[in-house]
Amino acid sequence: MTRRTLSRRDFLKSTAAAGAALALPAFAQSGYPNRPIRLLCPWPAGGSTDVVMRAIGESFSRNIGGTVIIENKPGAGGILGAGELARAQPDGYTLSQLPLGIFRLPHMQKVSFDPLKDLTFISCLTGYTFGMVVRSDSPIKSIKDLVAYAKANPEAFTYGSTGTGTTPHLVVEQFTRRAGIKLLHVPFKGNADGMQALLGGHVMGHSDATGWASAVEAGRARLLVTYGSKRTKRWPNVPTLQELGFQTVSDSPFGIGGPKGMDPALVKRLDETFRKVLQDPLVIATLEKFDQPVIYMNSADYTKFAQETFREEKETVESLGLARAT
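Note that this is a predicted model, so its numbers are computed, not measured. (Residues numbered from 1 in each chain as written. Predicted model: local features only at pLDDT ≥ 70, side-chain atom pairs only at ≥ 80, totals over all residues. Heavy atoms only, no water.)

Caption draft 1: Looking closely at the side chain of Thr 210. With respect to the helices, strands and loops of the structure, Thr 210 is situated in the loop between strand 8 (205-209) and helix 9 (213-217). Among all residues touching Thr 210, those that are not within four sequence positions of it are Ser 48, Thr 129, Trp 235 and Phe 290. (Helix = DSSP H or I, 4+ residues; strand = E, 2+ residues; numbered from the N terminus. Contact = heavy atoms within 4.5 Å.)

Caption draft 2: Structural context of helix 12 (residues 281-289). Turning to helix 12, its buried residues number three or more, namely Val 283, Ile 284, Thr 286 and Leu 287. Down the axis of helix 12, the buried set is contained in an arc of 165°. They therefore lie on one face. For helix 12, the capping residue at the N-terminal end is Asp 280, with a side-chain oxygen 2.8 Å from the backbone nitrogen of Leu 282. Looking one or two places after helix 12, you find Asp 291, whose phi comes out positive at around 55°. (Buried < 20%, exposed > 50% of the residue type's maximum accessible area, 1.4 Å probe, protein only. Arc of directions from axis to C-beta. Polar contact = N/O pair within 3.5 Å; in protein donor to acceptor, adjacent residues only side chain to side chain.)

Caption draft 3: Up close: the environment of Gln 97. Mapped onto the elements, Gln 97 comes out in strand 3 (residues 94-98). Taking the relative accessible area as the measure of exposure, Gln 97 reaches 0% and is therefore buried. Between the C-alpha atoms of Gln 97 and Phe 246, which are 149 residues apart in sequence, the distance is 30 Å. Discounting residues that sit within four places of it in the chain, Gln 97 has contacts with Leu 40, Pro 42, Trp 43, Thr 49, Met 53, Tyr 128, Phe 254, Gly 255 and Ile 256. Polar side-chain contacts of Gln 97 include one of 3.0 Å to the side chain of Tyr 128.

Caption draft 4: Summary view of the sheet that holds strand 5 (residues 130-135). Strand order across the open sheet formed by 5 strands is 7-6-8-5-9, with mixed pairing between neighbours. At either margin of the open sheet sits one strand with a lone partner, and together these are strand 7 (184-187) and strand 9 (221-226). Across the sheet, the mean angle from the axis of one strand to that of its neighbour is 30°, orientation sign disregarded. Where strand 5 meets strand 8, 5 bridges bridge the pair, whose relative direction is antiparallel. Opposite Phe 130, over in strand 8, you have Ala 209 as the bridge partner. The strands touched by helix 7 (residues 167-179) within the sheet are strand 5, strand 6 (158-161), strand 7 and strand 8, with strand 6 carrying the most contacts at an inclination of about 140°. (Pairing = 2+ DSSP bridges. Axes fitted to C-alpha atoms, helices over the stretch in contact; angles between N-to-C directions.)

Caption draft 5: Local environment of the pairing of strand 4 (residues 119-128). Of all 10 residues in strand 4, 10 are buried; the element is thus mostly enclosed. Bridge analysis of strand 4 against strand 11 (residues 294-297) gives 2 bridges, and the strand direction is antiparallel. From the neighbouring strand, Thr 126 faces strand 11, where its bridge partner is Val 294.

Caption draft 6: Summary view of the environment of Glu 308. As for its position among the elements, Glu 308 is in helix 13 (residues 299-319). With a relative accessible area of 17%, Glu 308 lands in the buried category. For the pair Glu 308 and Phe 103, spaced 205 residues apart in the sequence, the C-alpha separation amounts to 9.6 Å.

Caption draft 7: Structural context of the packing of aromatic side chains. Using the criterion set out here, one finds 10 aromatic pairs in the structure. Ring geometry for Phe 60 and Phe 274: centres 4.4 Å apart, planes at 5°, overall stacked. Of this pair, Phe 60 sits in helix 3 (residues 48-64) while Phe 274 sits in helix 11 (residues 264-277), and the two are 214 residues apart along the sequence. The class of Phe 274 is buried, set by a relative accessible area of 0%. Seen in terms of ring centroids, Phe 103 and Phe 305 are 6.3 Å apart; in terms of plane orientation they differ by 85°. Their pairing is edge-to-face. Separated by 202 residues along the polypeptide, Phe 103 in helix 5 (residues 101-104) and Phe 305 in helix 13 bring together distant segments of the chain. Judged by relative accessible area, which is 1%, Phe 103 ranks as buried. Overall, the relative accessible area of 2% leaves Phe 305 in the buried class. A connected cluster of aromatic rings, assembled from ring pairs, spans Phe 103, Phe 121, Tyr 302 and Phe 305. (Phe/Tyr/Trp six-rings, centres within 6.5 Å; stacked < 30°, edge-to-face > 60°.)

Caption draft 8: A look at the packing of helix 3 against helix 11. Two elements in contact, helix 3 and helix 11, have axes separated by 9 Å at closest approach and are oriented at 120°. The angle between helix 3 and helix 11 places the two elements in the oblique class. Considering the relative orientation of helix 3 and helix 11, their crossing is right-handed. Residues Ile 56, Ser 59, Phe 60, Asn 63 and Ile 64 of helix 3 touch helix 11, and the partners they reach there are Arg 269, Leu 270, Thr 273, Phe 274, Lys 276 and Val 277. (Parallel < 35°, antiparallel > 145°, perpendicular 65-115°, else oblique. Left-handed = near helix turned anticlockwise from the far one by under 90°.)

Caption draft 9: Up close: helix 7. For helix 7, which comprises 13 residues, the first-to-last C-alpha distance of 18 Å matches the rise-based estimate of 18 Å (1.5 Å per residue) to within 8%. By the criterion of burial, helix 7 is predominantly enclosed, with 10 of the 13 residues buried. Looking at helix 7, one finds that the buried residues are Thr 167, Pro 168, His 169, Leu 170, Val 171, Val 172, Gln 174, Phe 175, Thr 176 and Ala 179. Looking at the residues trailing helix 7, positive phi occurs at Gly 180, about 70°. (Expected span 1.5 Å × (residues − 1).)

This is a description of form; function is not addressed.
Here you go:
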């Protein structure tokens, strides 16, 4: 599977070249958009994804020349947006953020959509940086400390995530199996409520994307580890699970999708618009705030990525013994 993480300079060069060739006069005459576009965010308001999606939505609104309304659809591990797309008209007025969980949860439980048959993959835009945080006053100061504590106290260490079957949950499940420990998982709807539980002392750790960044920077939380293939630019002194020897890596791209059956000309126009969004200084600054790189794929590449990821997630779920009975 090929994923491209572009530098800003490379991305701008490629976008300029693509933009020069763009010509869609026939579709431009259709009047789209002539009513508000719903852009679904399948996570609660106030979390990192919500902040990023609102920046993307604001820029997308300016570039597409219409009104864009962000609608939060939290719960169910981030798959409610995809479920709504499966029931929507393919007219471009209902779009959604598509987290990696849409490729995983269908292997774990019955869902209302088929990710490969019911969706149109428009553009992949960016990806999460995931990590585990504890309160700053926690005696757990490193992953070594966490492993030692968990071995002495099985299932006593409680940690939150954005829901059962989400990437922040399954990465920790992979890590704990390889470390030979057991933790107690507490699912939440999103980052905001999970961090409230951590800072309020209701859980001992929280595994999630960088919605914890402000708490870490303010000294209220301690970042123990990140889950990517390399250390982050923002927290270069924090190790990854991979380098600590746990053979666990998660780079988690996400993008925008629509219902199946969308007009190819409309998909192309939307894709080109989202490419422009990734040049917007507001969007760039918001991504940098959460240490999220540009991971751009056009519709064809994103569709191929979806097919490959769906197969890979099936293997991961089966290896963890979490596959639903068929």
